[in-house]
Amino acid sequence: MNAAVLITGGASGIGRAVAERVVARGARAILWDVSGAALEATCADLGPLADGRVVDVGDATAVAEAGKALNAPTHLVNNAGILGGRMDWQAIDPVEVSRILAINVTGMMQVTSAFLNARVAHPQASIVNIASIAGENGGAPGFASYGASKGAILALTRALARDLAPEVRVNALAPGIIDTPIQSAVLGSAEARTQAEAGIPMGRMGTPEEVAEAADWLLFKASYATGESLRIAGGRR
Ligand SMILES: NC(=O)c1ccc[n+]([C@@H]2O[C@H](COP(=O)([O-])OP(=O)(O)OC[C@H]3O[C@@H](n4cnc5c(N)ncnc54)[C@H](O)[C@@H]3O)[C@@H](O)[C@H]2O)c1
């Protein structure tokens, strides 16, 4: 049976690389992304197996509406996420904290709910949540809200895996530093990049394709893995 994979944040970086793998195996890729222009370009590149819709996963009404229009999804990759602004502990901005949690955590929960209401059975039905090693180590200095949101995703992965077994497997990926646009906020200069790479045992940033390879395995092949989190971080903790 052909799979249909809903991928949030599928227009760029890791989400786009996952969509490329999905289409390459002959499955449908349903992309939800907040950026209409990037979505249009990505869908044009991916061809007829890809279908895109502008959805802000932090907007409950938009997610509910898009959920009703879902065409028989079998798998889900909760990938959309934001880093948010840098914050000192002495100047916590509750509006910014709420924005990060609304997209990275509440949004992920609402998308999962919409997917579960629309999904059709598949022998390898599964969900992959894109967390981060920041969910384990707290994240880069100044980005504690992001770390907290990713820690929540690791907990939600375990809760979902327990609640949805045996019909749907649920696993998380915890990437380290991956070379995508989200990193430009933290690693703007060549110097910052070199410094970051010096802290990675593998000596380099990862690629979106290397994360997508692991997502493909968890989605379609890891038939006895559920509730797990797999680091793709070049040895970084
Ligand atoms: N790049 C890294 O180093 C790294 C490391 C660990 C985890 N991650 C996680 O991987 C995921 C993908 O990040 P990426 O590195 O590919 O970044 P990216 O910025 O290249 O891609 C993120 C995509 O999500 C979309 N998006 C953002 N907010 C959205 C919203 N509210 N609704 C729908 N779509 C939205 C963006 O438009 C973009 O297309 C994120 O959850 C991120 O936290 C990335």
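The structure contained in this document is the topic of the report that follows. (Residues numbered from 1 in each chain as written. Predicted model: local features only at pLDDT ≥ 70, side-chain atom pairs only at ≥ 80, totals over all residues. Heavy atoms only, no water.)

Take helix 6 (residues 144–164) next. For helix 6, built from 21 residues, the straight-helix expectation of 30 Å at 1.5 Å per residue is met to within 8% by its first-to-last C-alpha distance of 30 Å. Looking at the buried residues of helix 6, the elements they touch are helix 4 (94–118), strand 5 (126–130), helix 5 (134–137), strand 6 (169–175) and strand 7 (229–232). (Helix = DSSP H or I, 4+ residues; strand = E, 2+ residues; numbered from the N terminus. Expected span 1.5 Å × (residues − 1). Contact = heavy atoms within 4.5 Å.)

Our next topic: the sheet that holds strand 4 (residues 75–78). Strand order in the open sheet made by the seven strands is 3-2-1-4-5-6-7, with parallel pairing throughout. The sheet is open, and its two borders are formed by strand 3 (50–54) and strand 7, each paired with just one other strand. Direction aside, the axes of adjacent strands within the sheet are offset by 20 degrees on average. Pairing of strand 5 with strand 6 involves five bridges; the strand directions are parallel. Of the residues in strand 6, the one forming a bridge with valine 128 is asparagine 171. Set on the sheet, helix 4 makes contact with strand 1 (4–8), strand 2 (28–33), strand 4 and strand 5; between it and strand 4 the angle comes to about 170 degrees. Against the sheet, helix 8 (residues 208–220) engages strand 1, strand 4, strand 5, strand 6 and strand 7, with an angle of about 165 degrees to strand 6. (Pairing = 2+ DSSP bridges. Axes fitted to C-alpha atoms, helices over the stretch in contact; angles between N-to-C directions.)

The next thing to look at is the site of the ligand. Around the ligand, the surrounding shell holds 28 residues, and the nearest of these are Ser12, Asp33, Tyr146, Thr180 and Gln183. Contacts to the ligand include isoleucine 178, whose backbone N or O atom sits 2.8 Å from an oxygen atom. Glutamine 183 is positioned with one of its side-chain polar atoms (N or O) 2.6 Å from an oxygen atom of the ligand. Judged by the proximity of its atoms to the pocket grid, the ligand belongs to the largest pocket. Contributing elements (two or more residues each) for the shell around the ligand: helix 1 (13–24) and helix 6. Its residues placed into classes, the shell around the ligand shows 15 nonpolar, 10 polar and three charged. (Near = heavy atom within 4 Å. Polar contact = N/O pair within 3.5 Å; in protein donor to acceptor, adjacent residues only side chain to side chain. 1 Å grid on protein atoms, 1.4 Å probe; cavity = no way out; pocket = protein on both sides within 12 Å on 5 of 7 lines; lining within 4 Å. Sits in = over half its atoms within 2 Å of the grid points. Nonpolar A, V, L, I, M, F, W, Y, C, P; charged D, E, K, R; others polar.)

So, on to the pairing of strand 2. The buried fraction of strand 2 is high, at five of six residues. Of the strand pairs in this sheet, strand 1 and strand 2 are connected by five bridges, and their pairing is parallel. Within strand 2, the residue paired with leucine 6 across the bridge is isoleucine 30. On the question of chirality, the crossover connecting strand 1 to the parallel strand 2 by way of helix 1 is right-handed. Pairing of strand 2 with strand 3, which is carried by five bridges, proceeds in the parallel orientation. Residue pairing in the sheet places alanine 29 in a bridge with alanine 50 of strand 3. The parallel pair strand 2 and strand 3, bridged by helix 2 (residues 36–46), forms a crossover whose chirality is right-handed. (Buried < 20%, exposed > 50% of the residue type's maximum accessible area, 1.4 Å probe, protein only. Right-handed = clockwise from strand over helix to strand, strands pointing away.)

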